[in-house]
Amino acid sequence: MSLKINLKKNVSDKSIKNYVLFTDENFKIRGLNGLFLNKFSRIINETVANIKSKEKQIIQFNFNARQKIILIKLNDKLSPLENEKNGALFYNFIKSNFIFDVTFIENNFTKNLKENENFLDEFFHGVKLKSYEFNKYKSKKNKNFFKITLSIKKKLSNFEKNKRFNSLIEGSNYTKDLVSEPGNILHPDEYAKRLLQLKKLGLKVSVFDKKKLKKLGMNALLGVGQGSIRGSYLVVIEWNGKKKKSKPLAFVGKGVCFDTGGISLKPAKFMEDMTYDMAGSAVVVGLMKSLALRKAKINAVGIVGLVENMPGGNAQRPGDIVKSFSGKTIEILNTDAEGRLVLADALTYTEKKYKPEFIINLATLTGAIIVALGSEYAGLFSNNDRLSKQLFESGVKVDEKVWRMPLHKNYDKLINSKNADMQNINYVGGAGSTTAAQFLQRFILNKTPWAHLDIAGMAFSKYGGALNSGGATGFGVRLLNKLIEDYYE
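Below: a short report on this structure. Here the structure is a predicted model, which means the values were calculated and not measured.

In this model helix H2 (residues 80-96) runs 25 Å from its N-terminal to its C-terminal C-alpha over 17 residues, within 8% of the 24 Å that 1.5 Å per residue would give. Buried within H2 are the following residues: Leu81, Asn83, Glu84, Asn86, Gly87, Ala88, Phe90, Tyr91, Phe93 and Ile94. One or two residues past the end of H2 sits Phe98, with phi positive at roughly 55°.

Next comes the structure, spelled out in structure tokens:
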């Protein structure tokens, strides 16, 4: 089902199907006088007074034979996040109760707008985030849509014109679309082709194919994709929102479009979920799209490595040794530890080419992080306390939480190799997420502030969260946008 928000002045009573009213914590309705005829106002007040289930956040009752009243309880001094969650809760309510047409009346939220001019924008941002659906491959689509009308006499909501909120919706939904696509559709060739379309937004997009990558010496990345009939790519997306040449903010994403595990084949059960092993790259792409749409006043670069990990006749073997872009050699002990190989080359290239202010990489890197943190926090590993603090605080503000995990030189012995500079897994066991992060850190050569976000538990949800539906979550787009807004823009 889709969602339409109509912004209109003066909606006549005859056209209104269902009224939505905001209340205080005791379900007292603000601005009720003058909103309806006195007898109707009395009916509403009496009905509300007799409601027993006031612990609920949203309540509905019949106003008359053809109209409902829906009450949304608001706490005093709402934070932006609480306001967005109220919007998401409201969307769930109207969807579960099959209410397809509702109208908000101005008198009832004038006070909220005076206290917070973004009140409606935040609320409808939550509605929009929660209403995402991926149904493009269903032959029979539900043609119902939810229509929300705002009856505002003096001031139209800025929601439809608000670049910040709309760019976040566009970026988050683009990320979700990419993650939701099946592997036979969004393989590396198609993915690279789609990213070229972002040029029309003012982004500079450069695609490095196998030939160019081989010339650059990105053998770690190329090794992962050599068993596939599809191409392997490094795609660079640049946004220059500052006239002066300042150091860009750099974001790097793992884009394994499908991960079978290669020769170290994964179990068949749940392997279909490995379409989302490119979620790290999708977050980077969604963020860059969002920055371009809202004309962010920063310089940023997004770099994604796009490969497919298949067990073909030319596939990489356990025991192979490859020379990375950095010049360091890697012994491949397990071909299913492939994401770190893709990121290794991308990280060194990003640091060497762009000399950025910081590098943040995102990847669905380890199952071990799900064991440690479940689906509540992404794992954060970093060589910089300041950047870690900024990421943690930004995550709390938008409910995309991260938790810092340890890095230490003592873990290095677990990935040292007898035959090469390092090996791609820890054979001893334990600390799987940390040793993966420790591996990545070896490819940051010049002490650039760096953070690795392991989003394996956050990129996809069977059940959905407060601000996202089930499936692809878009985790990371709003987090990184908030980081940029609060600390770098």
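Text resumes after the structure shown.
Look at helix H5 (residues 163-180): 25 Å from first C-alpha to last across 18 residues, which is about the 26 Å you get at 1.5 Å a residue. Within H5, the full set of buried residues consists of Phe165, Ser167, Leu168, Ile169, Gly171, Ser172, Asn173, Tyr174, Thr175, Lys176, Leu178 and Val179. Among the structural elements, H2, helix H4 (119-130), helix H6 (188-196), helix H9 (279-293), strand E19 (471-472) and helix H14 (477-487) are those in contact with the buried residues of H5.

A few words now on the packing of H2 against H4. At their nearest, the axes of H2 and H4 sit 7 Å apart, and the two run at 50° to each other. Classified by the angle between their axes, H2 and H4 sit oblique to one another. The two elements H2 and H4 cross, and the hand of that crossing is right-handed. Note on element contacts: H4 touches H2 through Phe119, Glu122, Phe123, His125, Gly126, Val127 and Lys130, opposite Pro80, Asn83, Glu84, Asn86, Gly87, Ala88, Phe90, Tyr91 and Asn92. Grouping the amino acids of the contact of H2 with H4 by side-chain chemistry returns 7 nonpolar, 6 polar and 3 charged.

Here we come to unusual backbone geometry. One non-glycine residue with positive phi stands out, namely Asp399, at about 65°. Within the element layout of this structure, Asp399 appears in the loop between helix H12 (385-398) and strand E15 (402-404). Backbone geometry at Ala431 places phi at a positive 50°, although glycine is not the residue there. With respect to the helices, strands and loops of the structure, Ala431 is situated in the loop between strand E16 (422-423) and helix H13 (432-441).

Across the sheet, 3 strands lie side by side as E11-E12-E16; this open sheet has mixed pairing. Among the strands making up the open sheet, the edge pair consists of strand E11 (321-323) and E16. Where E11 lies against strand E12 (residues 329-331), 3 bridges are found, and the strand directions are antiparallel. The residue of E12 that forms the bridge with Lys323 is Thr329.

Within this structure, the stated rule accounts for 23 salt bridges. Here Glu181 and Lys136 are joined by a salt bridge, their closest N and O atoms 2.9 Å apart. You can see Glu181 sitting in the loop between H5 and H6 and its partner Lys136 sitting in the loop between H4 and strand E6 (145-151), a full 45 residues away along the chain. Lys136 sits in the partly exposed class, given a relative accessible area of 42%. Across the pair Asp277 and Lys254 runs a salt bridge, and its minimum N-O distance is 3.0 Å.

For the rest of this paragraph, the subject is the packing of aromatic side chains. All chains considered together, the criterion is met by 17 aromatic pairs. With 5.5 Å between their ring centres and 70° between their planes, Phe90 and Phe104 make a pair best called edge-to-face. Taken together, the residues Phe90 in helix H2 and Phe104 in strand E5 (residues 101-105) connect sequence positions 14 residues apart. Just as Phe90 is buried, Phe104 falls in that class too. Seen from their ring centres, Phe358 and Tyr488 are 5.1 Å apart, and the 70° between their planes marks the pair as edge-to-face. In this pair, Phe358 is assigned in strand E13 (residues 358-363) and Tyr488 in the segment after H14, connecting sequence segments 130 residues apart. An aromatic cluster is built from Phe22, Phe90, Phe104, Phe119, Phe123 and Phe124, whose rings are joined through pairwise contacts. The side chain of Lys289 reaches across the aromatic face of Tyr174, ending 4.4 Å from its centre.

The element strand E2 (residues 18-23) is extensively covered by neighbouring structure, given that 6 of its 6 residues are classed as buried. Residue alternation in E2 divides its side chains into two sets, Asn18, Val20 and Phe22 and Tyr19, Leu21 and Thr23, and both sets are buried. Two elements, E2 and strand E4 (residues 68-73), share 6 bridges in a ladder whose sense is parallel. Looking at the pairing, Thr23 lines up with Lys73 of E4. Taken together, the 2 bridges between E2 and E5 define a ladder with parallel strand orientation. Bridging from a neighbouring strand, Tyr19 pairs with Thr103 of E5.

Cut-offs and rules
Residues numbered from 1 in each chain as written. Predicted model: local features only at pLDDT ≥ 70, side-chain atom pairs only at ≥ 80, totals over all residues. Heavy atoms only, no water. Helix = DSSP H or I, 4+ residues; strand = E, 2+ residues; numbered from the N terminus. Expected span 1.5 Å × (residues − 1). Buried < 20%, exposed > 50% of the residue type's maximum accessible area, 1.4 Å probe, protein only. Contact = heavy atoms within 4.5 Å. Axes fitted to C-alpha atoms, helices over the stretch in contact; angles between N-to-C directions. Parallel < 35°, antiparallel > 145°, perpendicular 65-115°, else oblique. Left-handed = near helix turned anticlockwise from the far one by under 90°. Nonpolar A, V, L, I, M, F, W, Y, C, P; charged D, E, K, R; others polar. Pairing = 2+ DSSP bridges. Salt bridge = Lys/Arg side-chain N within 4 Å of Asp/Glu carboxyl O. Phe/Tyr/Trp six-rings, centres within 6.5 Å; stacked < 30°, edge-to-face > 60°. Lys NZ or Arg CZ within 6 Å of the ring centre and 35° of its normal.

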